[in-house]
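# Secondary and tertiary structure notes
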Amino acid sequence: MYLGIDTSNYTTSVAAFDGRDGVNRSRLLDVAPGQLGLRQSDALFSHVKRLPVLMEQLFSAVSPGEIQAVAVSTRPRAVEGSYMPCFLAGVAVAKSLAAALGVPCHEVSHQQGHVAAALWSAGRMDLMDKPHLAWHLSGGTTELLSITPEGKNVRAEKIGGTSDISAGQIMDRTGKLLALPFPAGKALDQLSQGVEVKPFRVKTQGLTFSLSGLENQVVAFYQRTNSPEETAAFAVSSVCDVVLRTTREAQKQYPGLEVVFSGGVASNLTLRRVCGFGVFAAPQFSTDNAMGVAVLAERLSQG
């Protein structure tokens, strides 16, 4: 068994993987009604409180003596200067546990974990060893990535995506406008189903676009229509439209490469329908989770 730990700004998560199947235990951080996330100090404190409970749940199904290696997400992305304090909670537990068990502790990025979780849950682990394109669509990130193998892990180079706020922030801010719980993606998805509206056409420049203007358009749309359902559909369809157009442009620039969709926004039903040609994570492994980190623990342990 291989253990993975991930403590993002939204979710505390631990997982165990046996090379084929796994078990994931996660819990969203508590966010007060009307708030859009947590300060890093509050997120870190919440992870410190949650990790012992989740570890106890995991070890009720997995014997600690079976653990051959541990992996932990230490930063958002594997690039210079990428850092968030909330990951320190997971790092502390992972390194302590690895030392106690006498097993290796592998450091990976949150983004690499998302890619691995998407490929494992989609049954496409072959792409871990092949160049491909991947979207990381979440509350904090909307990046189009060029993925290349790097040993048993992957190297992710940003080639496009948003130049300002993320797709997840559009969803959450729309949710706040409509008095939906945070994070708002799931509720917004349900509210928008079966509603047809014309999306706002976000301007693109190559593979890059700005979503800040869309936020203003969503507010104006709600003021005009006073319809939560139509406003939800307007926000969702507008995000899906620009992601689709950008993906099609990327396929022209990088012909023959498959496209993977990861991150919490990738669980959106409309996006999965519009971009049905892509490789999607199973919905439960689209959102922040430690399963991809555990998958990487197994791969990195194989040398």
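Everything numeric here is computed off the predicted structure, so don't read it as measured data.

## Concerning the pairing of strand β2 (residues 11-17)
The side chains of a regular strand alternate between the sheet's two faces. For β2, the tally of buried residues reaches 7 of 7 residues, placing the bulk of the element in the interior. By the alternation rule, side chains of β2 split into Thr11, Ser13, Ala15 and Phe17 and Thr12, Val14 and Ala16, which are all buried. Remark: 4 residues form the turn of the hairpin made by β2 and strand β3 (residues 22-28), two consecutive strands paired antiparallel; Gly19 in that turn has positive phi of roughly 100 degrees.

## Details of the packing of aromatic side chains
What the rule picks out here adds up to 6 aromatic pairs. A centroid spacing of 5.7 Å and a plane angle of 25 degrees characterise the contact between Tyr10 and Phe182, whose relative ring orientation is stacked. Placement of the pair is Tyr10 in the loop between β1 (2-7) and β2 and Phe182 in the loop between α4 (167-177) and α5 (185-192), with a sequence separation of 172 residues. Judged by relative accessible area, which is 23%, Tyr10 ranks as partly exposed. Between Trp135 and Phe209 the ring centres are 6.4 Å apart and the planes differ by 40 degrees, which places this aromatic pair in the tilted class. Highlighted residues: Trp135 in strand β6 (residues 132-137) and Phe209 in strand β10 (residues 208-209), separated in sequence by 74 residues. For Phe209, a relative accessible area of 3% puts it in the buried group. A network of ring pairs unites the aromatic residues Phe17, Trp120 and Phe285 as a single cluster. Residue placement shows Arg248 over the ring face of Phe277; its charged tip is 4.0 Å from the ring centre.

## A closer look at the UniProt feature "domain: Gcp-like" (unreviewed entry) in the protein chain
Under the UniProt annotation, the feature "domain: Gcp-like" (unreviewed entry) is placed at residues 46-292. Helix makes up 44% of residues 46-292 and strand 19%, with an end-to-end C-alpha separation of 22 Å.

## A short note on the pattern of salt bridges
Scanning all chains against the criterion turns up 12 salt bridges. Two residues, Arg124 and Asp126, come together in a salt bridge whose shortest N-O distance is 2.9 Å. The class for Arg124 is partly exposed, based on a relative accessible area of 21%. Arg173 is paired through a salt bridge with Glu215; the nearest N and O atoms lie 2.9 Å apart. Of this pair, Arg173 sits in helix α4 while Glu215 sits in helix α6 (residues 212-225), and the two are 42 residues apart along the sequence. It is possible to trace a salt-bridge network through shared partners that takes in Arg124, Asp126, Lys130 and Glu258.

Thresholds applied
- Residues numbered from 1 in each chain as written.
- Predicted model: local features only at pLDDT ≥ 70, side-chain atom pairs only at ≥ 80, totals over all residues.
- Heavy atoms only, no water.
- Buried < 20%, exposed > 50% of the residue type's maximum accessible area, 1.4 Å probe, protein only.
- Helix = DSSP H or I, 4+ residues; strand = E, 2+ residues; numbered from the N terminus.
- Pairing = 2+ DSSP bridges.
- Phe/Tyr/Trp six-rings, centres within 6.5 Å; stacked < 30°, edge-to-face > 60°.
- Lys NZ or Arg CZ within 6 Å of the ring centre and 35° of its normal.
- UniProt positions renumbered as here; feature names shortened; annotations may be inferred.
- Salt bridge = Lys/Arg side-chain N within 4 Å of Asp/Glu carboxyl O.

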